[in-house]
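Below are the chains, spelled out letter by letter.
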Amino acid sequence: MIKKGLKVKVLVGKDKNKEGEVIEIDRKNNRAKIKGINIVKKHVKTTKEKKGGIVSKENFIHISNLKNIDLKKKEMVKK
């Protein structure tokens, strides 16, 4: 089961074989946001509080395309 804060590996897509930490999970749509993975560019309009422009941020990726990495098992295999 994938939870917030766990380390996961991407199995499919442009970021295949990359690893990252789960930032956010959308259980309703079975999607997760991974730190540094699936970066998209978003055009933001200028407001009184914020300056506009093109912002890079992480986008959601489907949970079926992720694999949980258990650090304890990895250490046992190396020894």
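Above: the structure in question.
Here's a quick rundown of the structure. A quick note: this is a predicted structure, and the numbers were derived from the prediction, not measured.

Here we look at the overall build of the protein
Here comes step 1: Counting its regular elements, the protein contains 1 helix and 7 strands.
Here comes step 2: When the elements of the protein are put in sequence order from the N terminus, they spell out β-β-β-β-β-β-β-α.
Here comes step 3: Here the protein holds 79 residues, and the buried ones make up 19% of them.
Here comes step 4: Expressed as a percentage of contacts within the protein between residues at least 6 apart in sequence, the contacts between residues at least 24 apart total 43%.

Observations regarding the environment of isoleucine 23
Here comes step 1: Along the polypeptide, isoleucine 23 turns up in strand β2 (residues 19–26).
Here comes step 2: A relative accessible area of 33% means that isoleucine 23 is categorised as partly exposed.
Here comes step 3: When the C-alpha atoms of isoleucine 23 and lysine 33 are compared, they prove to be 5.5 Å apart, with 10 residues separating the residues in sequence.
Here comes step 4: With residues up to four places along the chain from it excluded, the contact list for isoleucine 23 reads Lys4, Lys33, Ile34, Lys35 and Glu58.

Structural notes on the nonpolar core
Here comes step 1: Counting 10 residues, the largest nonpolar core is built from Ile2, Val8, Val10, Val22, Ala32, Ile34, Ile37, Ile61, Ile63 and Leu66.
Here comes step 2: Contacts of isoleucine 37, omitting those with residues within four sequence positions, involve Val10, Asp15, Lys18, Glu19, Glu58 and Asn59.

Focus on the pattern of salt bridges
Here comes step 1: For the structure on display, the rule yields 2 salt bridges.
Here comes step 2: The shortest N-O distance in the salt bridge between lysine 18 and aspartate 15 comes to 3.3 Å.

Thoughts on the sheet that holds strand β3 (residues 31–34)
Here comes step 1: Spatial strand order, β6-β3-β2-β1-β7: 5 strands in an open sheet with antiparallel pairing. Strands with a single pairing partner mark the edges of an open sheet, and in this sheet they are β6 (60–62) and β7 (66–68). Averaged over all pairs of adjacent strands, the angle between their axes in this sheet comes to 55°, without regard to strand direction.
Here comes step 2: In the sheet, strand β1 (residues 7–10) pairs with β2 via 3 bridges, with the strands oriented antiparallel.

Some words on the environment of serine 56
Here comes step 1: Looking at the secondary structure, you find serine 56 in strand β5 (residues 53–58).
Here comes step 2: Residue classification places serine 56 among the partly exposed residues on the basis of a relative accessible area of 44%.
Here comes step 3: Residues serine 56 and histidine 43, spaced 13 residues apart in sequence, show a C-alpha to C-alpha distance of 8.9 Å.
Here comes step 4: Dropping the residues within four chain positions of it, serine 56 is found in contact with Ile39, Val40 and Lys41.

The rules behind the values
- Residues numbered from 1 in each chain as written.
- Predicted model: local features only at pLDDT ≥ 70, side-chain atom pairs only at ≥ 80, totals over all residues.
- Heavy atoms only, no water.
- Helix = DSSP H or I, 4+ residues; strand = E, 2+ residues; numbered from the N terminus.
- Buried < 20%, exposed > 50% of the residue type's maximum accessible area, 1.4 Å probe, protein only.
- Contact = heavy atoms within 4.5 Å.
- Core = buried A, V, L, I, M, F, W, Y, C linked by side-chain atoms within 4.5 Å.
- Salt bridge = Lys/Arg side-chain N within 4 Å of Asp/Glu carboxyl O.
- Pairing = 2+ DSSP bridges.
- Axes fitted to C-alpha atoms, helices over the stretch in contact; angles between N-to-C directions.

Just geometry here; none of it tells us what the structure is for.
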